[in-house]
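Examining the three-dimensional arrangement
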Amino acid sequence: MSMLARITEPDVGRYLLRDEDEVVVDEVRRHWVVYTLPVLELLLAFVLMVIGTFLIQPADHGGWLVLVGMALALHASWVTVRERRECFVVTNMRVFRLHGVLATHRATMPLHRILDITVDKPVLGRILGYGHLTFESAAQDQGLKQIRYVGRADDRDLKIQRVVQVGGLRGGRLFQR
């Protein structure tokens, strides 16, 4: 694994319960729309650095434009890595969310605790193909409540519902004799 991949990719496999035969059913990354602001910020940074370097003399505050451009570029890079490390995973046993750049945060919910999933698709989300998932669980306080900017949110909801049904955790098989 390359150094860049190690920085930008969360290691999902290390959190699986392999001795319990847990397998990944779906690994969900953030929709591309979350990268639009960092890209615009990076373009603005580039323009400011070009203006500060080639069009304005250093004595006329060109150096400040370069510094502001560098700060914007660093911020855009940070946001990009942060968004890239955001990951939502559906397994045959649970759902969990990984996020964080310097420190990794993980929130987990067993499939049998999921009572309901609400899919919210704003107008822009309907056009571009993303939505937000909100989990209702049997627990009063939960670490995994909302997953935002999920590509193909309806498909992801159906996939989770199928895993819950196949596992016999709700309805059908659980109550049949």
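Keep in mind it's a predicted model, so treat the numbers as computed, not measured.

If you walk across this open sheet you meet the four strands as β1-β2-β3-β4, and the pairing is antiparallel. Of all the strands in the sheet, just β1 (24-29) and β4 (105-110) have a single pairing partner and so form its edges. Neighbour to neighbour, the strand axes of the sheet diverge by 15 degrees on average, direction disregarded. Direction of pairing for strand β2 (residues 87-91) relative to strand β3 (residues 94-99): antiparallel, over a ladder of four bridges. Of the residues in β3, the one forming a bridge with Cys-87 is Leu-98. Lying over the sheet, helix α5 (residues 153-166) contacts β1 and β2, oriented at roughly 155 degrees with respect to β1.

Tallied over the full model, the rule gives twelve salt bridges. Glu-83 serves as the salt-bridge partner of Arg-82, at 3.1 Å between the closest nitrogen and oxygen. For Glu-83, a relative accessible area of 9% corresponds to the buried category. Each of Arg-30, Arg-82, Glu-83, Glu-86 and Arg-97 takes part in salt bridges that share partners, so that together they form one network.

Let's shift gears to the confidence of the model for the chain. Here the chain averages 87 in pLDDT, while 90% of its residues score no lower than 70. At the level of individual helices and strands, the chain shows its lowest average pLDDT in helix α6 (residues 172-175), which scores 40, and its highest in helix α4 (residues 123-128), which scores 96.

This paragraph deals with the nonpolar core. In terms of nonpolar packing, the biggest core is built from 18 residues, with Phe-88, Val-95, Ile-114, Leu-133, Phe-135 and Ile-160 touching the most fellow members. Elements supplying a minimum of two residues to this core: β2, β4, β5 (114-120), β6 (130-137), β7 (146-151) and α5. When residues in this core are grouped by element, the largest group, four residues, is from α5. If we skip the residues at most four places from it in the chain, Ile-160 touches Phe-88, Val-90, Ile-114, Ile-117 and Phe-135. If you look at the next biggest cluster of nonpolar residues, it comprises seven residues, including Val-12, Tyr-15, Cys-87 and Phe-96.

Before going further, it helps to examine the environment of Arg-14. By the secondary structure assignment, Arg-14 is in the loop between α1 (3-8) and β1. Judged by its relative accessible area of 61%, Arg-14 is exposed. Separated by 113 residues in the primary sequence, Arg-14 and Ile-127 have C-alpha atoms spaced 36 Å apart.

It is the contact of helix α2 (residues 36-55) with helix α3 (residues 62-84), at a shortest axis distance of 7 Å, that shows an interaxial angle of 160 degrees. Of the possible angle classes, the one that applies to α2 and α3 is roughly antiparallel. Seen along the crossing, α2 lies across α3 with a hand that is left-handed. Note on element contacts: α3 touches α2 through Gly-62, Leu-65, Val-66, Val-68, Gly-69, Met-70, Leu-72, Ala-73, His-75, Ala-76, Val-79 and Thr-80, opposite Pro-38, Glu-41, Leu-42, Leu-44, Ala-45, Leu-48, Met-49, Ile-51, Gly-52 and Thr-53. Within the contact of α2 with α3, the residues separate by chemical class into 15 nonpolar, six polar and one charged.

Attention now goes to the sheet that holds β7. To summarise the sheet geometry, strands pair through backbone hydrogen bonds and adopt either a parallel or an antiparallel arrangement. Pairing is antiparallel across the open sheet formed by three strands, whose spatial order is β5-β6-β7. The outermost strands of the open sheet, each flanked by one partner alone, are β5 and β7. Taking each pair of neighbouring strands and ignoring which way they run, the sheet shows an average axis angle of 25 degrees. Relative to β7, β6 is paired through four bridges, and the arrangement is antiparallel. Looking across to β7, one finds that Gly-131 is bridged to Val-150. Packing against the sheet, α5 makes contact with β5, β6 and β7, and its axis sits at approximately 170 degrees to β5.

It is worth spelling out the packing of aromatic side chains at this point. Under the criterion given, the structure shown has two aromatic pairs. Ring centres of Phe-88 and Phe-135 lie 5.7 Å apart, and the angle between their planes is 45 degrees; this geometry places the pair in the tilted category. Taken as a pair, Phe-88 in strand β2 and Phe-135 in strand β6 lie far apart in primary sequence, 47 residues in all. Classification of Phe-88 by relative accessible area gives buried; the value is 1%. Considering the side-chain rings of Tyr-130 and Tyr-149, the 5.3 Å spacing of their centres and the 40 degrees angle between planes classify their relative orientation as tilted. In this pair, Tyr-130 sits in strand β6 while Tyr-149 sits in strand β7, placing the two residues 19 residues apart along the sequence. Using a relative accessible area of 5% as the deciding quantity, one classes Tyr-130 as buried.

Parameters and conventions
- Residues numbered from 1 in each chain as written.
- Predicted model: local features only at pLDDT ≥ 70, side-chain atom pairs only at ≥ 80, totals over all residues.
- Heavy atoms only, no water.
- Pairing = 2+ DSSP bridges.
- Helix = DSSP H or I, 4+ residues; strand = E, 2+ residues; numbered from the N terminus.
- Axes fitted to C-alpha atoms, helices over the stretch in contact; angles between N-to-C directions.
- Contact = heavy atoms within 4.5 Å.
- Salt bridge = Lys/Arg side-chain N within 4 Å of Asp/Glu carboxyl O.
- Buried < 20%, exposed > 50% of the residue type's maximum accessible area, 1.4 Å probe, protein only.
- pLDDT = per-residue confidence, 0-100.
- Core = buried A, V, L, I, M, F, W, Y, C linked by side-chain atoms within 4.5 Å.
- Parallel < 35°, antiparallel > 145°, perpendicular 65-115°, else oblique.
- Left-handed = near helix turned anticlockwise from the far one by under 90°.
- Nonpolar A, V, L, I, M, F, W, Y, C, P; charged D, E, K, R; others polar.
- Phe/Tyr/Trp six-rings, centres within 6.5 Å; stacked < 30°, edge-to-face > 60°.

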